[in-house]
Amino acid sequence: MARVEVPLTAESLTEHFLGRECYRRTRYVVVRNGDATALVGVEPTDSDPLFSPAASVEVLALPAETTYLRRPDIDTGVPSQLAKVAVGQHGARAVVVEGRYSHVSFLLDPDPLRVRVCEVVPPHPAKLLDQAQRVLDLADDLPPVVLEPELVEIESLAADAEVVLLPCRGSGIRLGNREAYYLDERPAERDWMLLGCARSRQLHGWFYGRGAPGPDTCPRALAREPGPLLTKCCLLEDRIEIDEDVAVVPWGASLEQVRQALVALARRCDLAWAPA
Ligand SMILES: [Zn+2]
């Protein structure tokens with residue numbers, strides 16, 4: 001951070017910083033004059049001594065294309081937290097955030113990795129989406145990732161069925177006037193529509209010796225758009241699966257498994273940022 005009295009133009013910033021002593025590890029300077037902010041890149045002549053004159057200066061963003069935000073709720077050391085703020089700043093090339101601990105960081109030309117999360121709801125909040133965001137909120141070793149929910153209301157798949165069979169007594173499913181039964185209670189057989197995944201269909205076959213009509217509600221099967229995609233599948237029990245830019249976790253995925261899936265997507269989509 002540098003406060004200056006000179007105008008924040010390319011010429012005067014270059015003149016101000018070129019040859020000026022800079023710390024051996026300094027590569028970027030957020031420059032402020034009053035409320036105006038610019039972003040400058042510098043290269044010290046020699047990174048061995050504590051300070052050396054700036055050998056080169058690159059003006060990265062001028063005040064007209066830079067936004068400075070005070071967001072004490074944002075940990076600026078976590079790229080995905082910065083990305084959450086930056087995606088709302090349309091048109092700003094440099095988004096500088098003064099966040100938690102009064103630390104300052106920025107995204108220049110923010111282009112976070114957008115990962116769609118497909119799953120069925122309820123419950124609310126959508127579990128995988130919520131887990132993935134909680135993982136990203138702590139992921140200071142991952143590139144900036146923004147999640148884009150693709151949530152499918154399970155009752156929207158029930159069409160006009162009057163009797164439905166659900167995998168279990170789910171939380172908050174609105175059934176209207178439908179008659180509902182739950183597969184995990186192994187009810188007496190009826191003429192129902194099964195709202196379930198492939199695993200539920202296998203259980204139905206085991207219990208009743210026949211298949212059941214009804215849509216496949218597995219999020220992996222419901223996802224419509226191309227990846228990068230994070231979703232879950234009823235058939236995975238204890239491992240995640242990575243297929244190109246699709247990461248699939250088990251229904252009861254741990255936060256660590258969700259993290260592994262996000263790391264795999266980041267590695268596939270942006271090699272420069274991904275952890276080894
Ligand atoms: Zn599945």
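You'll find the structure just up there.
Residues numbered from 1 in each chain as written. Predicted model: local features only at pLDDT ≥ 70, side-chain atom pairs only at ≥ 80, totals over all residues. Heavy atoms only, no water.

Draft legend 1. Expanded view of the pairing of strand β5 (residues 51-61). As defined by bridge partners, strand β2 (residues 21-23) adjoins β5 across three bridges and the pair is classed as antiparallel. Residue pairing for β5: Y23 is matched across the bridge by F51. When strand β4 (residues 36-44) meets β5, the two strands line up antiparallel, connected through six bridges. What sits directly across from P44, in β5, is A54. The loop that links β4 with its antiparallel partner β5 comprises six residues. (Pairing = 2+ DSSP bridges. Helix = DSSP H or I, 4+ residues; strand = E, 2+ residues; numbered from the N terminus.)

Draft legend 2. Spatial organisation of the sheet that holds strand β7 (residues 94-98). Read from one edge to the other, the open sheet built from three strands follows the order β6-β7-β8, with strand pairing classed as mixed. The strands lining the two open edges of the sheet, one partner per strand, are β6 (66-70) and β8 (104-108). Averaged over neighbouring strand pairs, the angle between their axes works out to 20° when direction is ignored. Relative to β8, β7 runs antiparallel, the two being bridged by five bridges. Within the sheet, the bridge partner assigned to V96 lies in β8 and is F106. In this fold helix α2 (residues 79-86) packs onto β6, β7 and β8, with an angle of close to 65° to the strand it touches most, β8. (Axes fitted to C-alpha atoms, helices over the stretch in contact; angles between N-to-C directions. Contact = heavy atoms within 4.5 Å.)

Draft legend 3. Expanded view of the coordination of the zinc ion. Coordination of the zinc ion by the protein involves C218 (SG), C233 (SG) and C234 (SG), with metal-donor separations of 2.1 to 2.7 Å. Written as a sequence motif, the donor residues of the zinc ion are C-x14-C-C. With a relative accessible area of 10%, C234 lands in the buried category. (Donors = N, O, S within 2.8 Å, 3.2 Å for Na, K, Ca; no water. Buried < 20%, exposed > 50% of the residue type's maximum accessible area, 1.4 Å probe, protein only.)

Draft legend 4. Fine view of unusual backbone geometry. The omega torsion of the bond from P122 to P123 falls at 15°, within 30 degrees of zero and hence cis. Residue P228 follows G227 across a cis peptide bond; omega there is 0°. Turning to its location among the elements, P228 is positioned in the loop between α5 (219-222) and β14 (229-233). With a phi angle near 45°, D109 is a residue other than glycine that sits in the positive phi range. Here D109 lies in the loop between β8 and β9 (113-121). In this structure D109 comes out as partly exposed when scored by relative accessible area, which is 44%.

Draft legend 5. Broad picture of the nonpolar core. V115, L142, L147, L230, V258 and L262 are the most contacted members of the largest nonpolar core, which has 24 residues in total. Looking at this core element by element, the count peaks at six residues for helix α6 (residues 255-269). Setting aside anything within four residues of it in sequence, one finds L262 in contact with A132, V135, L136, L142 and L230. Listed in part, the 13 residues of the second largest apolar core include V4, L8, A38 and A54. (Core = buried A, V, L, I, M, F, W, Y, C linked by side-chain atoms within 4.5 Å.)

Draft legend 6. The state of the cysteines, seen in detail. Taken as a whole and assessed by the stated rule, the structure comprises zero disulfides. As a non-bridged cysteine, C118 has C218 as the owner of its nearest cysteine sulfur, 8.9 Å distant. Cysteine C197 is unpaired, with the sulfur of C234 as its nearest cysteine sulfur at 3.5 Å. According to the relative accessible area criterion, C197 is buried, its value standing at 10%. (Disulfide = S-S within 2.5 Å.)

Draft legend 7. Broad picture of the packing of aromatic side chains. According to the stated counting rule, one finds five aromatic pairs in the structure shown. Relative to F106, the ring of Y28 lies with its centre 5.4 Å away and its plane at 70°, an arrangement referred to as edge-to-face. With a gap of 78 residues between them, Y28 in strand β3 (residues 28-33) and F106 in strand β8 connect regions that are remote in the sequence. Looking at Y28, the relative accessible area reads 51%, which means it is exposed. Here the aromatic rings of Y181 and W192 are separated by 5.9 Å at their centres, their planes lie at 45°, and the arrangement is tilted. Here W192 lies in the loop between β12 (179-182) and β13 (193-194) and Y181 lies in strand β12, a separation of 11 residues in the sequence. Relative accessible area serves as the criterion here: at 17%, Y181 is assigned to the buried category. (Phe/Tyr/Trp six-rings, centres within 6.5 Å; stacked < 30°, edge-to-face > 60°.)

Draft legend 8. Local environment of the pairing of β9. Along β9, eight of the nine residues are buried, which leaves the element largely enclosed by surrounding structure. Here nine bridges tie β9 to strand β10 (residues 145-153), and the two strands are oriented parallel to one another. Across the sheet, V117 pairs through a bridge with P149, a residue of β10. As a crossover connection, the stretch from β9 through helix α3 (residues 127-136) into β10 is right-handed. The pairing of β9 with β14 spans three bridges and is classified as parallel. Directly across from V117, in β14, lies its bridge partner L230. (Right-handed = clockwise from strand over helix to strand, strands pointing away.)

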